[in-house]
Amino acid sequence: MKDGKAWGKMWEDGNATCYGWVDAEVAPIHNPEFCTKPTDVTYKDSPYTKELLTAKLVSVERQTVVIIKD
């Protein structure tokens, strides 16, 4: 997380994918067993590494609420 945003896919057009800071509701949740530092969400020597070093890992829980109205 950084400034209230989470790291995730900003857009994808079939040829390219752009990652950046997105609303937490749409960001992926990574397995803490394999994601122990912010740069674990990308690959080695990624152009995003420098930006991810400014982030902080947080624990999250995603909940879904279903309200059935008769």
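Above this note sits the structure.
Because the structure is a prediction, the values reported are computed rather than measured. (Residues numbered from 1 in each chain as written. Predicted model: local features only at pLDDT ≥ 70, side-chain atom pairs only at ≥ 80, totals over all residues. Heavy atoms only, no water.)

### Side note on the overall build of the chain
- What the chain contains, in helices and strands, is one helix and two strands.
- Ordered by position from N to C terminus, the α and β elements of the chain give β-β-α.
- Computed over its C-alpha atoms, the radius of gyration of the chain comes to 14 Å, more than 25% above the 11 Å expected for a compact globule of 70 residues.
- Oriented by its inertia axes, the alpha-carbon framework of the chain measures out at about 55 × 30 × 25 Å.
- Taking all 70 residues of the chain together, 20% fall into the buried category.
- Here the contacts in the chain between residues at least 6 apart in sequence split such that 29% fall between residues at least 24 apart.
- Carbon and sulfur atoms provide 53% of the accessible area of the chain, an area that totals close to 6000 Å². (Helix = DSSP H or I, 4+ residues; strand = E, 2+ residues; numbered from the N terminus. Rg over C-alpha atoms; globule rule 2.2 N^0.38 Å. Buried < 20%, exposed > 50% of the residue type's maximum accessible area, 1.4 Å probe, protein only. Contact = heavy atoms within 4.5 Å. Areas by Shrake-Rupley, 256 points an atom, 1.4 Å probe, with all protein chains shown as cover.)

### Brief notes about unusual backbone geometry
- Positive phi, close to 50°, is recorded for D3, a residue that is not glycine.
- Note on placement: D3 falls in the segment before β1 (6–12).
- Residue D3 is classed as exposed on the basis of its relative accessible area of 72%.

Coordinates in, geometry out; function isn't part of it.
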